[in-house]
Amino acid sequence: MSRVDLPDDLPSLSGAHPLAPPCIEEFQSTGHTCVRGLASPQEISAYRPILEDVALCNRFEKRALEERDTYGRAFLQILNLWLLDRRAQAFVFAQRFARVAAELLGVPAVRLYHDQALFKEAGGGYTPWHQDQFYWPLDTPHTVTLWIALVDIPKEVGSMVFASGSQAFGNLGDLAIGDESHRHFERWIDDHGLARETHGAMRAGDATFHAGWTLHSAGANPTDQMRSAMTVIYFADGARLGPLDHPSRRLDRAFYFPSAHPGDLARSELTPLLYPTDSNSSPTLPGAAHDYRGWIADAFRRAGQRG
Ligand SMILES: O=C(O)CCC(=O)C(=O)O
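So, a few notes on the structure that sits alongside this text. (Residues numbered from 1 in each chain as written. Predicted model: local features only at pLDDT ≥ 70, side-chain atom pairs only at ≥ 80, totals over all residues.)

Some thoughts on the overall build of the protein chain
Rules: Helical segments are the DSSP runs of H or I of at least four residues, strand segments are the runs of E of at least two, and each set is numbered from the N terminus. Exposure is read from a count of other C-beta atoms within 10 Å of each residue's own; the residue is exposed at 12 or fewer, buried at 20 or more and partly exposed in between. C-beta atoms are placed from the backbone. A pair of residues counts as a contact when their C-beta atoms, built from backbone coordinates, are within 7 Å of each other.
Looking only at helices and strands, one finds eight helices and 13 strands in the protein chain. For the protein chain, the spread of C-alpha atoms along the three principal axes comes to 50 × 45 × 45 Å. For the protein chain, with 307 residues in total, the buried portion stands at 41%. Counted over contacts in the protein chain with a minimum sequence separation of 6, partners at least 24 positions apart contribute 86%.

Take a look at the structure:
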């Protein structure tokens, strides 16, 4: 790993954002919560152009919306901006965000799993119901996704919709995000009498957090503005690798834990400790940061899938 200096012209995002106890209770009982003003408008204005630029310059998806399937129309998805740009890394590694994640999970320390830019383009489609953790070979319920708005999001676009309490059911079946998962989980939610809840419109800097097993979806974007959001996924330090019993979980293992086996600690230079950290240590960049496309292609090759 090589060491990098923190950019000094950007806000540090290290100040704490104290959580009200009802917020923690809501997360633990429903599997989701909303933290308004997690980042200030000034902080978002400093980072948004960088995050959008890094994401859009590195997108793989080049097809027009109408040539894509339902999943492809839901959003542009760009993985691990932290490997691509040290200013994006400063956002993803924010102590403030990671500390909230640890507090919601009720654990002393969290690691980064990955980050993703999720941009719902103007005219983009709905996000089908799915569970994130289906993709992850992590043997712990202590995982959480931060989803933070980089722009004001009006109510006709809205933020995510959650099936409250669904996280308590764990893995609901190996259904990848798409038309089938949407149809299946619509019925499942009705059959189980769970409430569909949303935190609605958002200001830039507002955020939701949802657990890895929480079922969620999102509406389409009927406006002519891109809905840019950034996600950071955290898991409890000390978690172990779970079974590699699905191609998606084998792929993620090839990305993040190439030399680990089920039962080993889920720990690698690609999943650094984000909270707590030693304030004297500089962030470091793993080899994948020097050959991002090669790293992705290599993971697909090792997992035996098409890149
Ligand atoms: O941004 C969206 O529309 C969906 C986001 C999502 O599925 C997630 O953050 O896990």
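Picking up where we left off.
A few points about unusual backbone geometry
Along the chain, Tyr-275 connects to Pro-276 via a cis peptide bond; the corresponding omega equals -10°. Structurally, the position occupied by Pro-276 is in the loop between strand E12 (273–275) and strand E13 (284–285).

Examining the nonpolar core
Here is the rule we go by: By convention in this section, buried Ala, Val, Leu, Ile, Met, Phe, Trp, Tyr and Cys residues joined through C-beta atoms within 7 Å make up a nonpolar core.
By size, the foremost hydrophobic cluster in this structure holds 78 residues, and its most contacted members are Ala-101, Val-110, Ile-148 and Tyr-234. Those residues in contact with Val-110 that sit more than four places away from it in its chain are Ala-98, Ala-101, Ala-102, Leu-105, Tyr-234, Phe-235, Ala-236, Asp-237, Leu-274 and Tyr-275.

Things to note about the site of the ligand
For clarity, the threshold we go by: Any residue qualifies as near a molecule or strand once its backbone-derived C-beta atom lies within 6 Å of it. Under the convention adopted here, Pro, Cys and the residues Ala, Val, Leu, Ile, Met, Phe, Trp and Tyr are nonpolar, Asp, Glu, Lys and Arg are charged, and Gly plus all remaining residues are polar.
In the vicinity of the ligand lie 13 residues, with Leu-118, Thr-127, Trp-147, Ala-218 and Thr-231 positioned nearest. Of all the secondary structure elements, the ones that give two or more residues to the shell around the ligand are strand E4 (110–120), strand E6 (143–149), strand E10 (216–218) and strand E11 (227–236). The residue makeup of the shell around the ligand, split by class, is seven nonpolar, four polar and two charged.

Examining helix H6 (residues 179–191)
Here is the rule we go by: By definition here, a helix of n residues has an expected span of 1.5 Å times n minus one. This arc is built from the directions going out from the helix axis to the C-beta atoms.
Between its terminal C-alpha atoms H6 stretches 19 Å, which fits the 18 Å expected from 13 residues at 1.5 Å a residue. Within H6, burial applies to Ser-181, Phe-185 and Ile-189. Considered in projection along H6, the buried side chains sweep an arc of 55° and stay on one side of the axis. Residues of H6 that are exposed and angled more than 90 degrees away from the buried face: Asp-179, Glu-180, Arg-187, Asp-190 and Asp-191. Residues of H6 that are buried make contact with strand E5 (127–130), strand E7 (160–163) and strand E8 (196–198). Where H6 ends, the next residue or the one after it, Gly-193, has phi of about 65°, a positive value.

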